[in-house]
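# Fold and contact review
Next come the chains, spelled out residue by residue.
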Amino acid sequence: VVPLAPNADPAASAQRIESIAPRGGTNLPPALDLAFEALQPVSAAVKHVVVLSDGQSQGRGRLPQIAARFKNAQGGPIRISTIAVGDGADTRGLE
């Protein structure tokens, strides 16, 4: 939703995030793999991925391995924060 770059226009970033609408078919592992590959070569004091999801993702069995990969990233950990979206959100699945 918001490309990897300094957040030069927070209002525009907020508007893009607010435009997110539920469509189903969440598949977090490939998205997190892409985020890892994008952040790994970046030189930054803090690397952080924010996931907005209902927590009902395909490939959930891979999530612990992906979290470990982020935690043990070369150059320091890449943080992952999750924000549960929707009344039926699986908050345990987002932990």
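In what follows, the structure referred to is the one given above.
Since this is a predicted model, take the numbers as computed values, not measurements.

## Remarks on a nonpolar patch on the surface
- A contiguous nonpolar surface patch, about 640 Å² in accessible area, is contributed by Val 1, Val 2, Ile 17, Ile 20, Val 50, Leu 52, Ile 83 and Val 85.
- Position of Ile 83 among the secondary structure elements: in strand E2 (residues 79-84).

## Some details on the environment of Val 2
- Examined against the element boundaries, Val 2 turns out to sit in the segment before helix H1 (10-18).
- On a C-alpha basis, the gap between Val 2 and Gly 61 in space is 27 Å, while along the polypeptide they are 59 residues apart.
- Here Val 2 is in contact with Ser 13, Arg 16 and Ile 17, once residues within four sequence places are set aside.

## Some points on the environment of Leu 34
- Residue position: Leu 34 is located in helix H2 (residues 28-39).
- Judged by its relative accessible area of 63%, Leu 34 is exposed.

## Quick notes on the pairing of strand E1 (residues 48-53)
- Residues of E1 alternate between two faces, with Val 49, Val 51 and Ser 53 buried on one and His 48, Val 50 and Leu 52 left unburied on the opposite face.
- Here six bridges tie E1 to E2, and the two strands are oriented parallel to one another. Paired with His 48 across the strands is Arg 79, a residue of E2.
- A crossover connection joins E1 to the parallel E2 through helix H3 (residues 63-71); in handedness this β-α-β unit is right-handed.

## Some points on the side chain of Ser 53
- Turning to its location among the elements, Ser 53 is positioned in strand E1.
- Apart from residues lying up to four places away in sequence, Ser 53 is in contact with Thr 26, Leu 28, Ile 83, Ala 84, Val 85 and Leu 94.

## A short note on the pattern of salt bridges
- For the structure shown, the criterion picks out three salt bridges.
- Taking the shortest distance from any N to any O, the salt bridge between Arg 62 and Asp 33 comes out at 2.9 Å. Residue Arg 62 is found in the loop between E1 and H3, and its partner Asp 33 is found in helix H2; the two are separated by 29 residues along the sequence.
- Connected through salt bridges with shared partners, the residues Asp 33, Glu 37, Arg 62 and Arg 69 form a single ionic network.

About the criteria used
- Residues numbered from 1 in each chain as written.
- Predicted model: local features only at pLDDT ≥ 70, side-chain atom pairs only at ≥ 80, totals over all residues.
- Heavy atoms only, no water.
- Patch = residues over 30% accessible without salt bridge, like charges linked within 9 Å, V, L, I, M, F, W, Y side chains within 5 Å.
- Areas by Shrake-Rupley, 256 points an atom, 1.4 Å probe, with all protein chains shown as cover.
- Salt bridge = Lys/Arg side-chain N within 4 Å of Asp/Glu carboxyl O.
- Helix = DSSP H or I, 4+ residues; strand = E, 2+ residues; numbered from the N terminus.
- Contact = heavy atoms within 4.5 Å.
- Buried < 20%, exposed > 50% of the residue type's maximum accessible area, 1.4 Å probe, protein only.
- Pairing = 2+ DSSP bridges.
- Right-handed = clockwise from strand over helix to strand, strands pointing away.

These figures come from the coordinates and say nothing about function on their own.
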